[in-house]
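One letter stands for each residue in the lines below.
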Amino acid sequence: MGYMEIIIGGIFVNNILLAQFLGNCPFLGTSKKMETAVGMAMAVVFVLVLAGVITWLIYAFFLVPYKLVYMRTIAFILVIASLVQFVEMFLKKSIPALYAGLGIFLPLITTNCAVFGACILNVDKELNFMKTLVQSTAYAVGFGLALILFAGVRERIILARVPKPLQDTSIGLVVAGILSLTFYAFKGMI
Amino acid sequence: MLSLSAILFMLGLGALCGGALSAASKIFYVYEDPRIGVVEGFTALANCGGCGYAGCSAAAVAVVAGEAPPSVCIVAGSEATANIAGVMGLDPGTAEALLSYNTCTGGDRAEDKYHYMGINSCQALASLSGGQPVCPVGCLGLGDCVRACVFDALKIGPHGYPVVDEIKCVGCGACEKVCPKDIMEIKTMSQKLLHLNQYDDRIAPCQQTCPAEIDIPKYIYQIKTGDYEGAVNTIRERNPLLLSCGRVCPHPCESDCRRGLEDEAVSINQLKRFAADYEMNSGRRLPISCAPDTGKKVAVIGGGPAGLSNAFFLRRLGHEVTIFDAMPKLGGMIRYGIPEYRLPKEVLAWEIQSILDLGVEHKPNMVLGRDFDIGSLMAAGFDAVFLGIGAWKDYTLRAEGEDLEGCYTGINFLSNFSLWQQERPHEKRPFVGKKCVVIGGGNTAIDCVRTLVRLGADEVSIVYRRTRKEMPANMVEIEAAEHEGIKFTFLAAPTRALGDEEGKVVGLEYLKMELGEPDASGRRSPVPIEGSETVMDIDMLITAIGQGPDIFFKDESKRLDEDLQVTRWNTIDSADPIALQSSIPYIFTGGDAATGADLVVSAIGAGRRAARSIHMYLTGQDVTPPEKTLFTNHIPVSIFESVPGLTKLARTKMPELPVDERIKSFVEADLVISEEEALYESNRCLQCCLICYNKDVA
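Treat the numbers as computed from the prediction; the structure is a model and nothing was measured. All residue numbers refer to position in the chain's written sequence, counted from 1. All chains are assigned letters beginning with A, and all ligands numbers beginning with 1, in the order in which they are written. The predicted nature of this model means local features are confined to residues of pLDDT at least 70 and side-chain atom pairs, given and counted, to a pLDDT of 80 or more, with totals for whole chains, interfaces and linings taken over all residues.

Enquirer: Would you mind going over the nonpolar core with me for this structure?
Expert: In a soluble, globular protein the nonpolar side chains are often hidden away together inside. One finds Ala275, Val438, Val449 and Ile614 of chain B to be the most contacted residues of the largest nonpolar core, which totals 186 residues. When residues of this core are assigned to their parent elements, the largest contribution, 10 residues, is made by helix H25 (residues 600-618) of chain B. A set of buried Ala, Val, Leu, Ile, Met, Phe, Trp, Tyr and Cys residues, joined through C-beta atoms within 7 Å, is what we mean by a nonpolar core. As a rule, residues whose C-beta atom has 12 or fewer other C-beta atoms within 10 Å are exposed, those with 20 or more are buried, and those in between are partly exposed; C-beta atoms are placed from the backbone. Residues Phe12, Val47, Val115 and Val141 of chain A belong to the second largest nonpolar core, which totals 48 residues. For helices the rule is a DSSP run of H or I covering at least 4 residues; for strands it is a run of E covering at least 2, with both sets numbered from the N terminus onward.

Below, the structure written as structure tokens:
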């Protein structure tokens, strides 16, 4: 599997939101306004790449040698949660501008299953370190792309006459389904 | 065996993560203001998000950063607000409750640019060419604010704009944030009191014109619906002297009344007087709320309309106010200049008492420069000074014979007579001649002649340089003087007063004039006719040709003499007529002292503007006018050429005492309209806003 394939696959074909349906809570929760969607997308890119790399290291150097692969779920959760906390402290001290930019979205990612899911997918496919890095980045970019596209659509939806039972999240889910279908068109690419 | 290694692994990983995090928290420690924790402790800690911040700790950070008021927590209540203000060392004045209110009164009557069915949110409608109403600042009426309010304090009222339930509103600001047209505003009482008319306000032409910026359509609406107390409160938000203004105001607002374009203007001032008299006659003073005490002291020098208005607003903002006045009683020119028949002193006293009742201190018979000076005020701990000394010095003709016996000046005559009438009626009455002449065409001149008539002068006349059309006096006053038998000699320029051998005035020589070309101000200036000298037989002469501030106190203090700038008309110089700050930063001015003789209502407006500046000065802000202040200008879009859709309705006549009755005494000549008349007149009001108004009035 070449790098190009990983990138295209991660962003479009196996889009973490629209093809694998992971991370739906921030997808619906932060997509009402373009501004928040962009903030969330940035935070996810940042954390997902870091988490992908760290969890791969833990998997390759601890879990596999000690035959503890069956412990990966709980280990990854612990590591990701600590990582997010650590990153938050680090940014606050070292890069206050980035910290202020990411704002509330950074701690929210602790509970983002897209991050965890991407880490599991990385190790499932038995990718090497570089490929893990590229794959994580591609997933994160795919997440950001889907979220920003969706936010753009939702900002327009308020102009439309939506029947009362379908307003807000309901119409959001319908739109998410249609977006997901359109992403299925990428299926044949790889 | 497997489970043991798993447990050991998890323990190890947990210890590693925990250790790394605790080490990181030491390494990456960032100093955080300890007040944040304390402030957070005072919030409700419910993380409800009602304040608009992401949780209580975010709100606490915002408070400490000065981005949120101490009242940020909408759940914790006023005690928490006071505690937070205490932690922050903030002016408790800012801890006043916020309240939401709607500034658009157009609603359904506002015309639409287009019809677009199908949108059900203001936000969405606003993104389509700014929304459908023609009015650029009008309410869209789709109720985003109603949906945003989690306290159920808002609903779309019967006229298609949101109505606030003041009891349920907690001032969270959700409606303000969500409104795409900035119609919903969250303000404290102080902020409302200090608001100056701005270019982007939703205000009718009358309110734009009123020098005191009273919300005229609102109080007329309240009169119409029988809420007289509400009307009084609305007027008092801008004008504490409503009884006086209701009597003596020349109502510049009425000249911009939209009804006046097609019909006769609404009799706004009589409605104001009706509401004001209602309060007085009810015998019950309506409560006036004040912000919490700030501990700042302000000295108001001069207890005239400007000083009283300034003291009233400063007191309501929570400052401690002392009025120093040169006369025995408060009121200034409206007590000692305006005669009893126009403004009964009993009425004035009632009105002034309501200002003093707020806790304003009054120090009578204190003349600036004689009994105290600015330096002694500073030594007594005053933080700012308002200089509202009025314009009490008559201009003189600079003509021969002005100092003859029987010659007086306008303000001098009126105030002396008033003093005698109010303070020492048992003493000898000031001199009144048989054949009296008053020179001048302003309100002072008219007040003099109407006073002389009542004092029993046989023949009273006015000598004025120009014609009746150019007289600066109020038209109502000129007409009343004519009815009372005053003679007018127009186009006559006095040259000298003639005296007899005892030094008493016996005649006035004047030159006849004719009107020449219009001058820069658009008035045709009079030109003397050569050799037209004429002599009138008189035994009393009053010159009332204008007045300016008496600034003798400047000479008494070196500091003031050097630093306090005055204009060439002896008025106190303020670089900005809205900020009204003098050349000495802690001295503010307003009223006649700043502008020269002007209307009572202008002085009241200036008193409020100066109160705003003093408040800014005392709270450490830069004293600047708001960017979009309207001041005396008009919002162009609100000024119409014609007003279609009206049915003509006659204006209510002002009831007045019959002439033969009123010229015998100083009993008030103008009377108040009846309740039916007030209802009729309030129904004539079109309830204008910026561009819309009620059509088809019945």
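Next comes the rest of the account.
Enquirer: What exactly am I supposed to notice about the interface of chain A and chain B here?
Expert: When the parts of a complex come together, some accessible area is lost, and that lost area is often taken as the interface size. Taken residue by residue, the interface counts 18 residues in chain A and 20 residues in chain B. Taken together, the residues of the side of chain A that touches chain B sort by class into 13 nonpolar, 2 polar and 3 charged. Throughout, a pair of residues is in contact if the C-beta atoms placed from their backbones lie within 7 Å. Ten residues, namely Ala, Val, Leu, Ile, Met, Phe, Trp, Tyr, Cys and Pro, are considered nonpolar, four, namely Asp, Glu, Lys and Arg, are considered charged, and the remaining ones, Gly among them, are considered polar.

Enquirer: For this particular structure, what's the right way to read the domain arrangement of chain B?
Expert: Residues and elements named next belong to chain B. Where each domain starts and ends comes from a domain assignment, either automatic or drawn from a database. The domain boundaries assigned to chain B delineate domain 1 (30-90), domain 2 (102-187), domain 3 (205-286 + 634-684) and domain 4 (394-548). Averaged C-alpha coordinates put domain 1 and domain 2 at centres separated by 29 Å. When the residues that make up the side of domain 1 that touches domain 2 are grouped by side-chain class, the tally is 2 nonpolar, 2 polar and no charged.

Enquirer: Which parts of the structure should I look at to understand the sheet that holds strand S7 (residues 361-363) of chain B?
Expert: Hydrogen bonds between backbone groups are what pair the strands of a sheet, and the pairing can be parallel or antiparallel. Residues and elements named next belong to chain B. By the convention used here, strands pair only if DSSP detects at least 2 bridges between them. Taking strand neighbours across the sheet as the criterion, the 5 strands line up as S7-S6-S5-S8-S20 in an open arrangement whose pairing is parallel. The open sheet has two edge strands with one neighbour each: S7 and strand S20 (587-589). Across this sheet, the average inter-strand angle for adjacent strands is 20°, counted without regard to direction. In this structure, strand S5 (residues 297-301) lies alongside strand S8 (residues 384-387), joined through 4 bridges in parallel fashion. In this analysis, axes come from line fits to C-alpha atoms, helices being fitted only over the stretch in contact, and the angle between any two N-to-C directions falls in the range 0 to 180 degrees.

Enquirer: Is there a simple way to think about the packing of helix H10 (residues 216-224) of chain B against helix H27 (residues 675-684) of chain B in this case?
Expert: If you want to describe how two helices pack, look at the angle between their axes and the distance between the axes. Residue and element names in this part refer to chain B. The interhelical angle for the contact between H10 and H27, taken along N-to-C directions, is 135°, at an axis separation of 9 Å. What the angle tells us is that H10 and H27 run oblique. Between H10 and H27 lies a crossing of left-handed hand. Mapping the contact onto sequence places Ile220, Ile223 and Lys224 in H10 and Ala678, Leu679, Ser682 and Asn683 in H27. Class assignment for the residues of the contact of H10 with H27 results in 4 nonpolar, 2 polar and 1 charged. In what follows, roughly perpendicular refers to angles from 65 to 115 degrees, roughly parallel to angles under 35, roughly antiparallel to angles over 145, and oblique to any angle outside these ranges. Crossings are classed by handedness, with left-handed meaning an anticlockwise turn of the near helix from the far one by less than a right angle and right-handed meaning a clockwise turn.

Enquirer: Would you mind going over H10 of chain B with me for this structure?
Expert: Residues three or four positions apart in an α-helix share a direction because the helix packs 3.6 residues into each turn. Along H10 of chain B, the residues classified as buried are Ile216, Pro217, Tyr219, Ile220, Gln222 and Ile223 of chain B. Of the residues flanking the end of H10 of chain B, it is glycine 226 of chain B, one or two places downstream, whose phi is positive at about 80°.

Enquirer: Teacher, can you tell me more about the packing of helix H20 (residues 443-454) of chain B against helix H21 (residues 475-483) of chain B here?
Expert: Residue and element names in this part refer to chain B. Running from N to C, H20 and H21 cross one another at 25°; their axes reach a closest spacing of 10 Å. When the axis of H20 is compared with that of H21, the two are roughly parallel. Both H20 and H21 take part in a crossing whose hand is left-handed. Taken together, the residues of H21 that come into contact with H20 (itself represented by Asn443, Ile446, Val449 and Arg450) are Glu477, Ile478, Ala480 and Ala481. Tallied by class, the residues present in the contact of H20 with H21 amount to 5 nonpolar, 1 polar and 2 charged.

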